[in-house]
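# Survey of secondary and tertiary structure
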Amino acid sequence: MIQIPLAPLLLSMKVAGLATVAALVLGTPIAWLLARGRFPGRAVLESIVMIPLILPPTVTGYYLLLLIGRQGLLGRLMEQGLNIGIIFTWKAAVLASTIAALPLFIKAAQGAFEGIDRRIEDAGRTFKPVLIVLCTITLPLAWRGILAGSILAFARAMGEFGITLMIAGSIPGRTQTLALAIYDAVQANQPQEANAMSILATAAVLLILALVGRMTKVRY
Amino acid sequence: MLELALDRRLPGFHLRTQLMIGDGITALYGPSGSGKSLTLLAIAGLIRPTSGTIRINGRTVFDANAGIDLAPHLRRVGLVFQEYALFPHKTVSGNLSFGLPRGTPKSKAADRVNETLHLLRLDSFAQHYPYQLSGGQRQRVALGRALIGRPEILLLDEPFSALDPAVRETLRQELLQMLADYKGTILLVTHDLQEAYLMASTIAIIDGGKVLQMGTREEVLHQPRTRRVAEHTSAKNILRGVACRDSDDTWDIVWRGHHLRADGPAPAAAGEVEFCIRPEDVRLVWPDRVERRVNLLRGRIVHELGRGLDYVLFVSLTDGGDPGKYDLEIQVRSRLYDLMTLYVGKEVWLSLPPDRLRLLAPDE
């Protein structure tokens, strides 16, 4: 009887969940800006947002390491000023997954916003202030795209490997997520554990997809 | 009452509309790309003009110099969009209640929604979604949504363009009936002259971002000021001659060697002028009544178009040079066409009534 290590799965769920929420909160306004905004530098912002999708994850991870590491610009500030060190903790894993997931989320949400007939929002604006139109017309109409983006983001975060390894490491029980644990199990020649964790990961993702599919039956 | 003077530059287009319209229905008529929809959006506050002013019942809602630019929902303007722009995720009730101002008490809101549903004969559709409605029902919802907040001015952007031609006629009547109770200014945007004439008492013709002429519907149709207005109102026979003033309100125009008398004040100076007459205003004269007519011409029908209720005849003057080409386009009822036994090749007498000949001012 082999022991199924549950800790990596639980850590992965926590990290991917938090990263998805972070991508949602950060990404929705950016996606809206990219879809509707008319401002100088829009094209530049759009390119910057896409960088993590294009760069090799290890390169992105390396840059982040330079930025938030103990000697890094942000890392030193945070450690000295706020006494927060995030490098090689689970927080770094969340950061890694958020950065990786953000472009996918933004692309999906941007498409959803762009797909809304502008005149419908304009019609709303003749009755109610912009903010109310945003909450009661725009977001409900973009909701499916935003949800699709969140699923993509969650999936990407679950599978995150390269950036996480660079800035969070693979410390068992602390920063070793499922993807890293499977790799380590293979390296350590423990095929049963690798099998068990892979099946677990597949089942968990399928379950979430099924749940989300049920939630998003839309009538109109 | 709506007063506006707008200026807005866009790439390749310059909107500079000036309008002053009173209560009742006014049509803003022009081809697509003439700036009519843009004008509506500016009145509603959905686009910002570069300069100018907009006043609704004396209340300034936009003044570029004074820095006034009221948000759309504070302007008390109801706008019915082309294709209606209903909220697809809200029911008919939800769409209507969105049009009520914020802070309307719940019970009062429900009353107003029910009242509007009843008025629009949509009582049994309260819980339907827009995709479950016919085109006419959608139009009524859009109208109800625009009117439920009691706006001071109602803007209609091509309200019939999303509908089948077959139902348009009925729905125009229906819309007029529903608007009969509305006491405010209505501005209807359309690219259909017949629709403008049918729906509105006043017509403003707009093209190239400018209002070319505005007046009662008869005025605009029968007294076009310039060649461009005449073209937009399908005057068809736009002719060129030399005019001199006979008396205060009578002019003598020499056209193709014929002296024609034109009555009515003319916006043109003497000399080489353009003038026009509508196809339905040209009279065909029975040969035995020729002596009693003025502005008499003789021509030959060179081409005809049967359109069911009427015929369009293309007539070339018999003393004109080029055969094949036509000089006048004439519209006659099918009954007259039969009575006079008209056919291509037949020679006919024509009369151009002096009060229907209209001298045109040069375009600015």
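Note that this is a predicted model, so its numbers are computed, not measured.

Looking now at the overall build of chain A. Within chain A, the secondary structure is distributed over ten helices and zero strands. For chain A, the sequential pattern of α-helices and β-strands runs α-α-α-α-α-α-α-α-α-α. By its C-alpha atoms, chain A is 65 × 45 × 30 Å across when sized along the principal axes. Per-residue burial for chain A yields a buried fraction of 39% across its 220 residues.

Further remarks concern the confidence of the model for chain B. For residues with low pLDDT, the predicted coordinates do not support detailed interpretation. Overall, the predicted model of chain B reaches an average pLDDT of 91, with 98% of residues at or above 70. Scoring the predicted complex yields pTM 0.85 and, for the interface, ipTM 0.84.

Residue and element names in this part refer to chain B. One open sheet accounts for six strands, arranged β8-β9-β10-β4-β11-β12; its pairing is mixed. On the outer flanks of this sheet lie β8 (77–80) and β12 (210–216), each paired with one strand and no other. Sheet twist, expressed as the mean angle between neighbouring strand axes with direction ignored, is 20°. Pairing of strand β4 (residues 24–29) with strand β11 (residues 202–207), which is carried by four bridges, proceeds in the parallel orientation. Across the sheet, T26 pairs through a bridge with T202, a residue of β11. Sitting on the sheet, helix α4 (residues 135–147) touches β8 and β9 (153–157), and the angle it makes with β8 is about 170°.

Moving on to the interface of chain A and chain B. Each side of the interface is counted separately: chain A has 15 residues, and chain B has 18 residues. Elements supplying a minimum of two residues to the side of chain A that touches chain B: α6 (118–125) and α7 (130–158) of chain A. Here the residues of the side of chain A that touches chain B are counted per class, giving eight nonpolar, one polar and six charged.

Let us now look at α4(B). Every α-helix carries 3.6 residues per turn, so stepping three or four residues along brings you back to the same face. Residues and elements named next belong to chain B. The end-to-end C-alpha distance of α4 is 18 Å, a good match for the 18 Å that 13 residues give at a rise of 1.5 Å each. The buried fraction of α4 amounts to ten of the 13 residues, a majority that puts the element mostly inside the structure. Residues R138, Q139, R140, V141, A142, L143, G144, R145, A146 and L147 constitute the buried set of α4. Where α4 is buried, its residues contact β8, α2 (92–98), α3 (106–119), β9 and α5 (165–179).

What counts and how
- Counting from 1, residues in each chain are numbered in the order their sequence is written.
- Each chain gets a letter, beginning with A, and each ligand a number, beginning with 1, in the order they are written.
- Totals for whole chains, interfaces and linings use all residues, but because this is a predicted model, local features are given only for residues with pLDDT of at least 70 and pairs of side-chain atoms are given and counted only at 80 or more.
- Numbering of helices and strands runs from the N terminus, with a helix taken as a DSSP run of H or I at least four residues long and a strand as a DSSP run of E at least two residues long.
- Buried residues are those with 20 or more other C-beta atoms within 10 Å of their own C-beta, exposed residues have 12 or fewer, and partly exposed residues lie in between; C-beta atoms are placed from the backbone.
- Confidence of the predictor at the level of single residues is captured by pLDDT, which takes values from 0 to 100.
- Each pair of strands is called paired provided DSSP finds at least two bridges between the two strands.
- Every axis in this analysis is a line fitted to C-alpha atoms, fitted for helices over the stretch in contact. Angles between the N-to-C directions lie between 0 and 180 degrees.
- We call two residues in contact when their backbone-placed C-beta atoms lie within 7 Å.
- Under the scheme applied, nonpolar residues are Ala, Val, Leu, Ile, Met, Phe, Trp, Tyr, Cys and Pro; charged residues are Asp, Glu, Lys and Arg; polar residues are all the others, including Gly.
- Helix span, expected: 1.5 Å multiplied by one less than the number of residues in the helix.

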